Each structure stands twice: as structure tokens, then as C-alpha cells.
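Commentary on secondary and tertiary structure
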Amino acid sequence: MSLTREQMLAEMGISPIWELRDNAAPPIEAAEPEAAPGEALAPTVIESVPEARPRVVEQASAGAMPTGDVSGMDWPALARQVANCRACPLCEQRKQAVLGVGDLHPEWLFIGEGPGADEDVQGEPFVGQAGKLLDNMLASLEIARGNKVYIGNAVKCRPPGNRTPEAAEMAACRPYLERQIALLKPKIIVLLGKAAVHSVLHNDNSLASLRGKRFEHAGIPVVVTYHPAYLLRNLPDKAKAWEDLLFARRVLREQMAPELPF
Ligand code: URA
């Protein structure tokens, strides 16, 4: 059954308040305490983060193999390397590594945390409940996985019990993510939650303090929002995620046509 746009927005918990348009004012209840809505949405802050070079990582545990230098790999070689990766202990309990899914020439790159139980079985990111919400978030932007969008994760193997990946595990996987970004060349990167922010921006500040700002990674604009799994547990924050997506769309448009007024 395909959902109407209104049903999708209702699914995100924000219908019927907002229309999909630029400079949309957030509903009163969505106002950020730390910033006026206009300030939060204006793409004025540019914070550049030095690109982490793909590199050989230290062994995360006995028996782990270093990631190796993946910086020259093409996509098929990278996919093979990830499928056979033993760079950190997460390989011990995975059913399979989950590289990502979507358009290999995307405008948008969404990065989550790591595969959960469903993703570990199916080999595709965000196929569980959080994935349904992510799909609805994409649909509200009139995009879909495989069409202008690639979806990946900070770590490619399921952390046992769906725990948060450890810093060493994210470090072991980072060369793969870096190579994905270099090959995909997205026009914008959206970081879903703290693990993705840690991996890409090397920043452990609160999401609340990072939302509404334009960062850069390898010359690509980066914005931050909440992880869909968090949103499922904190329904009122869906409205903030919607603000973040509108902000991201404005940043993308500026990136693609900087001379046009928006
Ligand atoms: N959560 C994530 O961060 N990634 C997935 O692929 C699934 C759930």
C-alpha cells in the first residue's frame, strides 16, 4: 500500500501543520530553546572538519586484522573488502557486513549508526521500524532510497544487542566510510545521531548544539539531525527532525545552485 504525502507527514508526527517549502516556520511546540527558529534554519555557520585520511587502524582486539589501505579501491573492491572485514570484534557475531544501499551517484548521503538485528539478516541498512520512519522522512523530501539517496552507517557490522558502537569500532570502520564518501561524492551528508557525528565530524557535542549548523567534510556540506530510532522514542522531536531536513534541503540547493536566491 503506498501512502499519500499527508499520511507520510502524519507518520512523522508533523501533519497537518507544515507544508514542504523553504523558510517554513516551525510549529510553536517545535521551537528550539537554545536558538530562534530563523537562526536555527539559516545556513550561516560553516565549520570545516579536516578529512580523516583512510589509514591502517590499530588492532581493536586480539585476532582482529587491520582495515588496510582502501583509499584507492573502486566500489566492487570496497564491497568485497567490507564483506570480508575482520578489523574489529564486531565481525565475530555478525551474520553479514552491511555496506549500504542506494543510488551510487546520490545527491543525499544519510549516515546512521550501525546495522540492527533486521539489517544483519537482510544485509540492508534501515529495514526495521527506524527504517520505516527514515523512508517516510525521505518521502517527505520527495526522494527515496535508490533515487538520489544513498544510506550507510558508521559501522558495517551489528553491535551485539544493538549497543552503541565503541570508538575503536567506529575508528576501524572509518576508512570504509571515508572511501564510500569519496566514491559517492554526495552533494550533502545528513548525519543521523551521535555515532555518525562522531565518525564523520569527530565531534561529541550534543545533537541539540549541532543541529541547524552547516558543517563540511571533504568539501561536502554536512548537517546533523536525530537518529530515527531516537525519534520513535521521542515523538515530539520529530518536528525538530523535520526542521533539520528543510534546513538540509536549503543547504543542498545552495550547494547545487549557489547563484540562485532561495
Ligand atoms: N539503525 C542504524 O543506525 N542503522 C541501521 O542500518 C539500522 C538501524
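Going by the structure above, here's the rest.
Criteria and thresholds
Residues numbered from 1 in each chain as written. Predicted model: local features only at pLDDT ≥ 70, side-chain atom pairs only at ≥ 80, totals over all residues. Heavy atoms only, no water. Core = buried A, V, L, I, M, F, W, Y, C linked by side-chain atoms within 4.5 Å. Buried < 20%, exposed > 50% of the residue type's maximum accessible area, 1.4 Å probe, protein only. Helix = DSSP H or I, 4+ residues; strand = E, 2+ residues; numbered from the N terminus. Contact = heavy atoms within 4.5 Å. Pairing = 2+ DSSP bridges. Near = heavy atom within 4 Å. Polar contact = N/O pair within 3.5 Å; in protein donor to acceptor, adjacent residues only side chain to side chain. Areas by Shrake-Rupley, 256 points an atom, 1.4 Å probe, with all protein chains shown as cover. Nonpolar A, V, L, I, M, F, W, Y, C, P; charged D, E, K, R; others polar.

Some remarks on the nonpolar core
- Residues Trp108, Phe110, Ile111 and Leu191 are the most contacted members of the largest nonpolar core, which totals 65 residues.
- The biggest single contributor to this core is helix H10 (residues 238-256), with eight residues.
- Discounting residues that sit within four places of it in the chain, Phe110 has contacts with Leu134, Leu138, Ile143, Val149, Tyr150, Ile151, Gly152, Val190, Leu192 and Leu245.

Brief notes about the pairing of strand S3 (residues 108-112)
- In terms of residue burial, S3 counts as a mostly covered element, since five of its five residues are buried.
- Of the two faces of S3, the one carrying Trp108, Phe110 and Gly112 and the one carrying Leu109 and Ile111 are both buried.
- In terms of strand pairing, S3 meets strand S6 (residues 188-192) through four bridges, oriented parallel. Bridged to Leu109 within S6 is Ile189.

Notes on the site of the ligand
- Lining the immediate surroundings of the ligand are Gly112, Glu113, Gly114, Pro115, Glu119, Pro125, Phe126, Asn153 and His227.
- In the environment of the ligand, a nitrogen atom lies 3.0 Å from a nitrogen or oxygen atom belonging to the backbone of Gly114.
- Taking His227, its side chain carries an N or O atom lying 2.6 Å from an oxygen atom of the ligand.
- For the ligand, whose free accessible area comes to 240 Å², the fraction covered by protein is 91%.
- When grouped by side-chain class, the residues that make up the shell around the ligand number three nonpolar, four polar and two charged.

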